[in-house]
Amino acid sequence: MILFFFLKLVSCENHKHRQKLMLDKKEHNYEKAILVGVITQNQDEDKLTEYMDELEFLAFTAGATVQKRFTQKLTQPDSKTFIGSGKAQEIKEYVKENEIGTIIFDDELSPSQLKNLEKEIEVKILDRTNLILDIFAQRAQTSYARTQVELAQYQYLLPRLTRMWTHLERQKGGIGMRGPGETEIETDRRIIRDRISLLKDKLKIIDKQMATQRNNRGKVVRAALVGYTNVGKSTLMNALSKSDVFAENKLFATLDTTVRKVVIGNLPFLLTDTVGFIRKLPTQLVESFKSTLDEVREADLLIHVVDISHESFEDQVESVNNTLMEINAHQKPMIMVFNKIDGFSYDKKDEDDLTPSTKKNISLEEWTKTWMGKSKYPTVFISALTKENFPEMKKMIYDEVMKIHISRFPYNDFLFEYFDNDEEEENNNND
């Protein structure tokens with residue numbers, strides 16, 4: 001049966017994705033794609049532009065080059081094709097003229113919208129969720145991560161089978177067949193449901209193993225790096241733990257959870273690097289990556305890393321805080337680390353410029369005097385790449401870990417002063 005072959009393909013697709021990505025990098029043979037988004041009552045033009053920029057970065061991460069963006073202003077998305085018929089025709093003509101292979105929509109499309117669009121435009125259609133799932137499939141390295149991604153893919157695929165197997169909509173009967181006959185599509189759904197059930201059972205076993213591993217870490221203070229994707233968490237992890245966690249200027253470069261022992265001053269603790277959050281995160285991934293999020297839920301201290309050089313970093317902070325609230329981790333002790341100050345820039349206004357100031361005109365020093373400096377959480381501005389303001393950040397982490405440690409071990413309060421290992425090593429080298 002075709003689906004059996006498809007199941008086998010999905011189970012090993014991560015390996016093929018990595019091979020294809022390597023070939024693409026060698027040959028620079030990226031897919032040609034276009035992006036589509038809509039301006040609605042809940043999403044103005046500026047917000048759409050911001051989302052489309054992020055979608056283009058996602059497309060690049062997945063291995064596509066964006067040729068053009070199409071936008072349309074609608075009261076609400078069309079229930080049949082998401083966009084209007086005139087815009088669909090315009091896109092169809094552009095696709096044919098420029099040999100475009102993929103169309104990527106910024107929002108999640110319903111199964112019927114996907115089916116209608118592919119029938120109308122006759123080209124591969126992806127939505128934001130499908131694109132993120134594809135990136136996760138490329139990035140999954142461990143068996144655990146691959147199982148999580150595979151489950152999310154099947155959950156996304158199940159309601160969309162009618163689009164993918166319309167040619168199998170025929171009755172089959174005969175010996176051994178149920179009742180008057182079972183359609184191929186019903187058989188396919190049943191097989192996928194069984195596979196989803198199997199993967200969930202597999203993840204339950206792994207979740208128990210992961211929980212046991214967390215318990216075996218004893219009473220050592222646990223800190224977790226959280227933040228939006230591509231804000232520099234892995235780079236910061238490498239700098240603090242002196243390890244070599246994979247870091248790259250792409251979205252979701254880190255998918256597998258990494259735990260390292262870190263010693264600041266005289267105080268050891270465990271530091272976890274987690275998968276980055278993103279706006280419009282597919283619900284399938286939130287469910288599938290439960291154990292990864294458990295690392296955040298069970299941490300004693302959260303280190304919220306923010307890319308201050310990104311023009312929409314405030315929205316990213318809000319998105320991460322909302323996710324933390326969803327997983328009930330928003331009341332934990334937290335340190336706000338505003339990273340990438342080496343990449344921060346602003347437009348300085350002339351003294352005689354009387355036009356209203358915007359966020360683009362705010363300097364880094366001025367930002368420190370806004371809500372950031374008045375936050376209830378300890379706040380520091382650093383560069384994980386150049387290690388600017390690192391001593392200040394490390395002292396801040398030390399103080400927060402020390403508070404947790406003393407509450408846990410009241411008779412072991414370290415009766416000697418904090419010192420910086422890196423500074424001592426540097427002094428020794430100079431001597």
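Note that the structure is predicted; figures quoted are calculated from it, not measured.

Visitor: Looking at this structure, I do not really get the sheet that holds strand S1 (residues 31-39). What am I missing?
Guide: Whether parallel or antiparallel, the strands of a sheet pair through hydrogen bonds between backbone atoms. Across the sheet, which stays open at both edges, the four strands sit in the order S2-S1-S3-S4 with parallel pairing between neighbours. Two strands lie at the open edges of the sheet, namely strand S2 (64-73) and strand S4 (124-127), each paired on one side alone. Across this sheet, the average inter-strand angle for adjacent strands is 25°, counted without regard to direction. Alignment of strand S3 (residues 102-105) against S4, held across four bridges, turns out to be parallel. The partner of Thr102 across the bridge, within S4, is Lys124. Helix H4 (residues 85-98) contacts S1, S2 and S3 of the sheet and is inclined by roughly 160° relative to S2. Strands S3 and S4 of the sheet are contacted by helix H6 (residues 128-139), whose axis makes an angle of about 85° with S4.

Visitor: Hey, could you run me through the side chain of Ser312 in this one?
Guide: With respect to the secondary-structure elements, Ser312 resides in the loop between strand S8 (301-307) and helix H13 (313-326). Here Glu50 takes part through its side chain, which lies 3.1 Å from a polar atom of the side chain of Ser312.

Visitor: Whenever I open this one, the packing of H6 against helix H7 (residues 143-157) confuses me. Can you help?
Guide: Taken N-terminus to C-terminus, the directions of H6 and H7 make an angle of 155°; their axes are 10 Å apart at the nearest point. With respect to each other, H6 and H7 are oriented roughly antiparallel. Between H6 and H7 the crossing geometry is left-handed. Contact residues: H6 offers Thr129, Asn130, Leu133, Phe136 and Ala137, while H7 offers Val149, Ala152, Gln153 and Tyr156. Among the residues forming the contact of H6 with H7, the class breakdown is six nonpolar, three polar and no charged.

Visitor: Hey, could you run me through the sheet that holds strand S6 (residues 258-264) in this one?
Guide: Within the open sheet, the six strands sit side by side as S6-S7-S5-S8-S9-S10. Their pairing is mixed. Lying at the two open borders of the sheet, with one neighbouring strand each, are S6 and strand S10 (379-381). Looking at each pair of strands side by side, their axes are set apart by 25° on average, direction ignored. Along the sheet face, H13 touches strand S5 (222-227), S8 and strand S9 (334-339) and points at about 155° away from the line of S8. On the sheet, helix H15 (residues 390-408) packs against S6, strand S7 (267-273), S8, S9 and S10 and is oriented at approximately 105° with respect to S7.

Rules and cut-offs
- Residues numbered from 1 in each chain as written.
- Predicted model: local features only at pLDDT ≥ 70, side-chain atom pairs only at ≥ 80, totals over all residues.
- Heavy atoms only, no water.
- Pairing = 2+ DSSP bridges.
- Helix = DSSP H or I, 4+ residues; strand = E, 2+ residues; numbered from the N terminus.
- Axes fitted to C-alpha atoms, helices over the stretch in contact; angles between N-to-C directions.
- Contact = heavy atoms within 4.5 Å.
- Polar contact = N/O pair within 3.5 Å; in protein donor to acceptor, adjacent residues only side chain to side chain.
- Parallel < 35°, antiparallel > 145°, perpendicular 65-115°, else oblique.
- Left-handed = near helix turned anticlockwise from the far one by under 90°.
- Nonpolar A, V, L, I, M, F, W, Y, C, P; charged D, E, K, R; others polar.

Any functional reading would require information that these geometric values do not contain.
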